[in-house]
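One letter stands for each residue in the lines below.
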Amino acid sequence: MNIRLFFSGNFHRSTYSGGDSMLVPGVELDEFSYTVLMEYVKDYLHFSEIGGVYVSKGKKGGWKLITADRDVLGHLADCLADDEVNFYIDNHIDTGIEPLPQMQPHVIVRPRKNIVQGR
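Residues numbered from 1 in each chain as written. Predicted model: local features only at pLDDT ≥ 70, side-chain atom pairs only at ≥ 80, totals over all residues. Heavy atoms only, no water.

Colleague: How should I be thinking about helix 2 (residues 69-78) in this particular structure?
Modeller: Since there are 3.6 residues in each turn of an α-helix, residues three or four apart along the chain are aligned in direction. Of all the residues in helix 2, the buried ones are Asp-71, Val-72, His-75 and Leu-76. Each buried residue of helix 2 lies within a common arc of 130 degrees when the element is viewed along its axis, so the set occupies one face. Set apart from the buried face of helix 2 by more than 90 degrees, the exposed residues are Arg-70 and Asp-78. Contact partners of the buried residues in helix 2: strand 1 (2-7), helix 1 (34-43), strand 6 (52-56), strand 7 (63-66) and strand 8 (84-90). (Buried < 20%, exposed > 50% of the residue type's maximum accessible area, 1.4 Å probe, protein only. Helix = DSSP H or I, 4+ residues; strand = E, 2+ residues; numbered from the N terminus. Arc of directions from axis to C-beta. Contact = heavy atoms within 4.5 Å.)

This is the structure in structure tokens:
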């Protein structure tokens with residue numbers, strides 16, 4: 001499967017605009033996890049701190065913050081018929097937000113409440 005990482009753009013209620021994207025081709029699904037996703041953010045995009053990695057909730061609108069393997073696997077299951085799976089990186093840092101607890105020291109995540117709430 002191909003993974004597309006969107007970054008440096010703007011989150012809206014149900015869309016994402018501007019910014020750039022990077023394609024990671026030929027990802028083995030059985031080897032893909034939250035840890036691997038965060039390694040991509042660090043190694044390919046060179047971010048050591050982000051506002052979070054999100055997926056679109058689709059027609060419902062809004063965004064889901066990815067924080068664990070279960071979130072990644074659930075999103076992959078929703079996208080099995082697609083050639084690409086999209087992840088959206090919020091690289092705007094709000095230092096007033098407490099970082100999420102980390103399973104690994106790859107990337108510090110400080111999610112902004114307005115994205116999680118779909119504003």
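Colleague: Mind showing me how you'd approach the pairing of strand 7 here?
Modeller: Here strand 6 runs beside strand 7; their pairing, made up of four bridges, is antiparallel. Looking across to strand 7, one finds that Ser-56 is bridged to Trp-63. (Pairing = 2+ DSSP bridges.)

Colleague: Where do I start with the environment of Val-72 in this structure?
Modeller: Considering the arrangement of structural elements, one finds Val-72 in helix 2. Of the residues examined, Val-72 reaches a relative accessible area of 0% and is grouped as buried. The residues contacting Val-72, other than those within four sequence positions of it, are Phe-32, Ser-33, Tyr-34, Leu-37 and Ile-66.

Colleague: Could you clarify how one ought to interpret the sheet that holds strand 4 (residues 20-24) in this entry?
Modeller: Think of a sheet as strands paired side by side through backbone hydrogen bonds, with each pair either parallel or antiparallel. Strand order in the open sheet made by the five strands is 4-1-8-6-7, with mixed pairing throughout. Two strands close off the open sheet at either side, each with one partner strand: strand 4 and strand 7. Across the sheet, the mean angle from the axis of one strand to that of its neighbour is 30 degrees, orientation sign disregarded. Bridge analysis of strand 6 against strand 8 gives three bridges, and the strand direction is antiparallel. Paired with Tyr-54 across the strands is Tyr-88, a residue of strand 8. (Axes fitted to C-alpha atoms, helices over the stretch in contact; angles between N-to-C directions.)

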